[in-house]
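# Structural features, examined
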Amino acid sequence: MSDKDAPACSKIYSNIFTRQVAPVLMIVFSLLLVPIGQSIAQDISFFRIGTGSSSGTYYPIGTLIGSVISSPPGSRACEDGGSCGVPGLIVTGQTTRGSIANIEGVMAGSLETGLAQSDMVQAAYTGTGVYRLKEPAKNLRVIANLYPENIHLVVRRDAGIANISQLRGKRISLDVPGSGTRENAKLILSAYGIAPLEYQAIPVNADKAVGMMLNKELDAFFFVAGYPVTAVSELADTGIIDLLPIDGKVAAKIVEEHSYYSLSEIPANVYEGVAATPSLAVSTQWVVNANMEDDVVYEVTRALWHPNNRALLDNGHLKGKHIRLETALDGIATPLHAGAEKYYRENGMIKN
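Residues numbered from 1 in each chain as written. Predicted model: local features only at pLDDT ≥ 70, side-chain atom pairs only at ≥ 80, totals over all residues. Heavy atoms only, no water.

Turning next to the packing of helix α4 (residues 99-108) against helix α5 (residues 118-126). Packing of α4 against α5 brings their axes to within 10 Å, and their N-to-C directions diverge by 45°. What the angle tells us is that α4 and α5 run oblique. Of the two elements, α4 crosses α5, and the hand of that crossing is right-handed. Together, Ser99, Ile100 and Ile103 of α4 and Met120, Val121 and Ala124 of α5 make up the contact between the two elements. Its residues placed into classes, the contact of α4 with α5 shows five nonpolar, one polar and no charged. (Axes fitted to C-alpha atoms, helices over the stretch in contact; angles between N-to-C directions. Helix = DSSP H or I, 4+ residues; strand = E, 2+ residues; numbered from the N terminus. Parallel < 35°, antiparallel > 145°, perpendicular 65-115°, else oblique. Left-handed = near helix turned anticlockwise from the far one by under 90°. Contact = heavy atoms within 4.5 Å. Nonpolar A, V, L, I, M, F, W, Y, C, P; charged D, E, K, R; others polar.)

Within strand β5 (residues 113-117), five of the five residues are buried, leaving the element largely enclosed by the surrounding structure. Bridge count between strand β1 (residues 45-50) and β5: two bridges; the pairing is parallel. Among the inter-strand pairings, Gly50 is bridged to a residue of β5, identified as Gly114. Taken together, the five bridges between β5 and strand β12 (residues 277-289) define a ladder with antiparallel strand orientation. Bridge pairing in β12 links Thr113 to Val288. (Buried < 20%, exposed > 50% of the residue type's maximum accessible area, 1.4 Å probe, protein only. Pairing = 2+ DSSP bridges.)

This next bit is on the confidence of the model for the protein. Per-residue pLDDT for the protein averages 88, and the proportion of residues at 70 or more is 88%. Note that pLDDT drops below 50 for residues 2-14; the model gives that stretch 12 contacts with residues more than four away or on any other chain. Segment residues 16-41 is flagged for pLDDT under 50; beyond a separation of four residues in sequence, or across chains, it makes 23 contacts in the model. (pLDDT = per-residue confidence, 0-100.)

One pass over the full model with this rule turns up 15 salt bridges. Here Arg156 and Asp158 are joined by a salt bridge, their closest N and O atoms 2.7 Å apart. By relative accessible area, Arg156 is classed as buried at 7%. For Asp158, a relative accessible area of 48% translates into the label partly exposed. Between Asp219 and Arg156 there is a salt bridge, with the nearest N and O atoms lying 3.1 Å from each other. Taken together, the residues Asp219 in the loop between α7 (206-214) and β9 (220-225) and Arg156 in strand β6 (residues 140-156) connect sequence positions 63 residues apart. (Salt bridge = Lys/Arg side-chain N within 4 Å of Asp/Glu carboxyl O.)

Turning to α5, a few remarks are in order. Counting buried positions over the nine residues of α5 gives seven, a clear majority of the element. Taken together, the buried positions of α5 are Ser118, Asp119, Met120, Val121, Ala123, Ala124 and Tyr125. Of the surrounding secondary structure, the elements contacted by the buried residues of α5 are α4, β5, β6, α6 (180-191) and β12. In the segment just after α5, Gly127 is the residue with positive phi, at about 70°.

What follows concerns the packing of aromatic side chains. Counting across every chain of the model gives three aromatic pairs. Geometrically, the ring pair formed by Tyr343 and Tyr344 is edge-to-face, given 5.6 Å between the ring centres and 80° between the ring planes. The buried category is assigned to Tyr343, whose relative accessible area is 7%. Classification of Tyr344 as buried rests on a relative accessible area of 0%. Grouping aromatic residues by their ring pairs yields a cluster made of Tyr298, Tyr343 and Tyr344. A cation over a ring is seen here: Lys138 above Tyr125, with NZ or CZ 4.2 Å from the ring centre. Sitting over the face of the ring of Tyr298, Lys342 holds its NZ or CZ atom 4.6 Å from the ring centroid. (Phe/Tyr/Trp six-rings, centres within 6.5 Å; stacked < 30°, edge-to-face > 60°. Lys NZ or Arg CZ within 6 Å of the ring centre and 35° of its normal.)

Right, here's the structure in full:
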């Protein structure tokens with residue numbers, strides 16, 4: 001790595017401590033501040049949300065949802081301007097490999113809930129696509145549709161890649177096994193007629209892809225996330241990357257054949273110096289096992305949509321503004337959890 005690249009790397013890697021450690025420290029400090037009597041008197045429950053890599057959107061969104069629905073012992077009452085989460089509940093976002101890993105964790109019980117792409121959720125529930133050789137995950141349930149995720153196809157400006165056909169012969173990260181991004185990337189490359197033997201697949205997540213792009217060890221990588229995503233922002237700030245368009249007849253055919261995709265655009269200057277880029281999108285869903293108690297899911301659903309939590313969602317992340325009650329049921333083909341369904345029925349969003 002050259003001396004010129006050193007400041008960029010320093011900035012990127014210095015963020016890792018803040019992303020991964022800060023939320024845990026906040027929870028620890030909040031518990032230390034609780035009077036002993038209160039801590040004993042009120043039951044404490046811990047709850048994990050499977051997210052993704054720390055440089056993606058799932059991690060900050062999962063952490064944001066955790067802060068919205070948490071209400072540690074000793075928190076000020078909601079009606080007094082305090083936490084409007086579930087009393088006694090402490091929720092953390094847990095880094096994972098992404099959608100597929102989160103679905104598997106929820107089904108196996110190693111995660112209470114998780115974030116996952118709508119296409120992966122439907123495939124798991126029906127036993128199709130990447131899950132075609134597995135038993136359908138019939139206990140998979142949805143709490144809410146959250147926000148759209150855009151497919152980012154990031155390329156180094158000096159790699160000589162102006163369109164998708166020029167990915168042939170290049171070093172490309174499709175993300176790691178267990179991520180929804182990997183399945184999206186394979187489908188897109190196949191749709192454009194690029195066979196697996198025509199490029200060098202590098203199985204790294206976005207965190208590692210950033211360093212490899214800076215070191216010129218990687219020519220391109222796919223990442224599915226709601227913009228702006230930290231990994232892309234940090235590279236764009238160094239001026240070394242562009243986004244490759246996913247558009248035209250091929251993109252339209254993908255949308256026609258796979259209803260969980262939609263045409264989208266990543267606006268200009270969401271990433272420094274990067275022009276508006278047409279792409280594809282899926283959506284993020286919050287999933288849970290059907291075995292989780294109905295009253296628990298009802299309470300976390302009610303906490304997520306509590307009117308007093310609107311400001312937290314709007315200011316916590318750009319995609320938080322897209323997490324809205326009026327779109328909570330959009331694009332959901334997998335059954336809702338009974339606890340979540342109860343909430344939406346009470347609010348007139350589901351009719352008998």
